[in-house]
Amino acid sequence: MAASKVSFGKRILLISKSIIKFFALIFISSVLIVFLLRWINPVTSSIMIQRQIESIFSGEFDNIKYSWVDYDDCSPYLPIAFVAAEDQNFPNHFGFDVREIKKALKQYERGRRIRGASTITQQVAKNLFLWEGKSFIRKGVEAYFTVLIELLWDKKRILEVYMNIAEFGDMIFGVKMASIAYYKKLPAQVSASQAALLAAVLPNPLRYSVVRPSGYVRGRQNWILRQMNSLGGPEYLKEL
């Protein structure tokens, strides 16, 4: 009986050590990957892979349209348009906008539909590493990668990756392919109005269209333009 208890205890200890090693490996691997992506441009993202798989299973077999462009090769109106539209406190927070989170929670408490409060860093974490869907587990992993990204990248790199992996339409990812597909020009040539229109479709790029913008999208485009001016234009991000 005593031997049985000792054997059981050893098994528990071995299992515990294996679990600790497993999570330690995941932690070290995730830190290393995020660290390397500070300098290495991602060749794909989790969302791109999901879209490619969906295309295969639907029988369409379309290829993802994606090509990297450096931050400094983009029009100065592009980054400020995305910040104005998605995360106006981006230069100042550490991955989480507490003020926006509190506003969203207050709306939820009043019985309203909870609105998004995700920062640009959170969206990079989700689009680059995670799967679509809503669950506490996914949000927890998203928060983990958000902290890692903020610790290991600077703000300019975060915004650069965001602009490159954001989804702008059916199988179209990144500002370079979006600029070419919709405006027949390179990202460096995009105007303030065109940048605002790209940012306007981000809440749902598979529903909203840059080519055939609805009244809602046009209204959002005009709002983004006003917000860009209110923030001070491209100068707002000069310290990134």
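See the structure above.
Residues numbered from 1 in each chain as written. Predicted model: local features only at pLDDT ≥ 70, side-chain atom pairs only at ≥ 80, totals over all residues. Heavy atoms only, no water.

Trainee: Which parts of the structure should I look at to understand the packing of helix 5 (residues 120–129) against helix 6 (residues 136–152)?
Mentor: A pair of packed helices can be characterised by two numbers: the angle between their axes and the separation between those axes. Interhelical geometry of helix 5 versus helix 6 gives an angle of 115° and a closest axis separation of 8 Å. Viewed along their axes, helix 5 and helix 6 adopt a mutual orientation that is roughly perpendicular. The interaxial crossing formed by helix 5 with helix 6 has right-handed handedness. On helix 6, the residues that touch Thr121, Gln122, Val124, Ala125, Lys126 and Phe129 of helix 5 are Arg138, Lys139, Glu142, Phe145, Thr146, Ile149 and Glu150. Within the contact of helix 5 with helix 6, the residues separate by chemical class into five nonpolar, three polar and five charged. (Axes fitted to C-alpha atoms, helices over the stretch in contact; angles between N-to-C directions. Helix = DSSP H or I, 4+ residues; strand = E, 2+ residues; numbered from the N terminus. Parallel < 35°, antiparallel > 145°, perpendicular 65-115°, else oblique. Left-handed = near helix turned anticlockwise from the far one by under 90°. Contact = heavy atoms within 4.5 Å. Nonpolar A, V, L, I, M, F, W, Y, C, P; charged D, E, K, R; others polar.)

Trainee: Could you clarify how one ought to interpret the pattern of salt bridges in this entry?
Mentor: Pairing between side chains becomes possible if they bear opposite charge and their charged atoms approach one another. Applying the stated rule across the entire model yields 11 salt bridges. With a closest N to O distance of 2.7 Å, Glu167 and Arg51 form a salt bridge. Of the two residues, Glu167 is situated in strand 2 (residues 167–169) and Arg51 in helix 2 (residues 46–58); the sequence distance between them amounts to 116 residues. You'll find Glu167 and Arg51 in the same group, each marked buried. A salt bridge links Glu150 to Lys155; its shortest N-O distance comes to 3.0 Å. Across the pair, exposure class does not vary: Glu150 and Lys155 are buried alike. Residues joined in a network through salt bridges with shared partners are Arg51, Glu54, Glu132 and Glu167. (Salt bridge = Lys/Arg side-chain N within 4 Å of Asp/Glu carboxyl O. Buried < 20%, exposed > 50% of the residue type's maximum accessible area, 1.4 Å probe, protein only.)

Trainee: Whenever I open this one, helix 10 (residues 215–231) confuses me. Can you help?
Mentor: Each α-helix winds once per 3.6 residues, and so residues spaced three or four apart point in a common direction. The terminal C-alpha atoms of helix 10 lie 24 Å apart, and with 17 residues this matches the ideal 24 Å at 1.5 Å per residue to within 8%. If you follow the buried residues of helix 10, they end up packed against helix 3 (77–86) and helix 9 (192–200). Positive phi shows up at Gly232, right after helix 10, with a value of about 105°. (Expected span 1.5 Å × (residues − 1).)

Trainee: Would you mind going over unusual backbone geometry with me for this structure?
Mentor: Within the chain, Phe61 stands out as a residue other than glycine whose phi angle is a positive 55°. Tracing the sequence through the fold places Phe61 in the loop between helix 2 and strand 1 (65–66). Residue Phe61 is classed as exposed on the basis of its relative accessible area of 56%. One non-glycine residue, Met171, lies in positive phi territory at about 70°. Looking at where Met171 falls in the secondary structure, it is placed in the loop between strand 2 and strand 3 (172–173). Among the residues examined, Met171 registers a relative accessible area of 4% and is labelled buried.

Trainee: How should I be thinking about the sheet that holds strand 2 in this particular structure?
Mentor: As a general point, the strands of a sheet are linked pairwise by backbone hydrogen bonds and lie either parallel or antiparallel. With mixed pairing, three strands are arranged side by side in an open sheet as 1-3-2. Only two strands of the sheet have a single neighbouring strand rather than two, namely strand 1 and strand 2. Pairing analysis gives two bridges linking strand 1 to strand 3, with the strands arranged parallel. Note that in strand 3 the partner of Lys65 across the bridge is Ile172. (Pairing = 2+ DSSP bridges.)

Trainee: How do you make sense of the packing of aromatic side chains when you look at a structure like this?
Mentor: Both the distance between ring centres and the angle between the ring planes are used here to describe each pair of aromatic rings. Evaluated as defined, the whole model comprises seven aromatic pairs. Seen in terms of ring centroids, Phe82 and Tyr162 are 6.0 Å apart; in terms of plane orientation they differ by 70°. Their pairing is edge-to-face. Linking Phe82 in helix 3 with Tyr162 in helix 7 (residues 155–165), this pair joins segments that are 80 residues apart in sequence. By relative accessible area, Phe82 is classed as buried at 0%. For Tyr162, a relative accessible area of 3% gives the class buried. Their ring planes at 45° and their centres at 5.9 Å tell us that Phe82 and Phe168 sit as a pair that is tilted. One end of the pair, Phe82, is in helix 3; the other, Phe168, is in strand 2, with 86 residues separating them in the sequence. Here a set of aromatic residues connected by ring pairs shows up, and it is made of Phe82, Tyr162 and Phe168. When the ring centre of Phe90 is taken as origin, the NZ or CZ atom of Lys155, which lies over that ring, is 4.5 Å away. (Phe/Tyr/Trp six-rings, centres within 6.5 Å; stacked < 30°, edge-to-face > 60°. Lys NZ or Arg CZ within 6 Å of the ring centre and 35° of its normal.)

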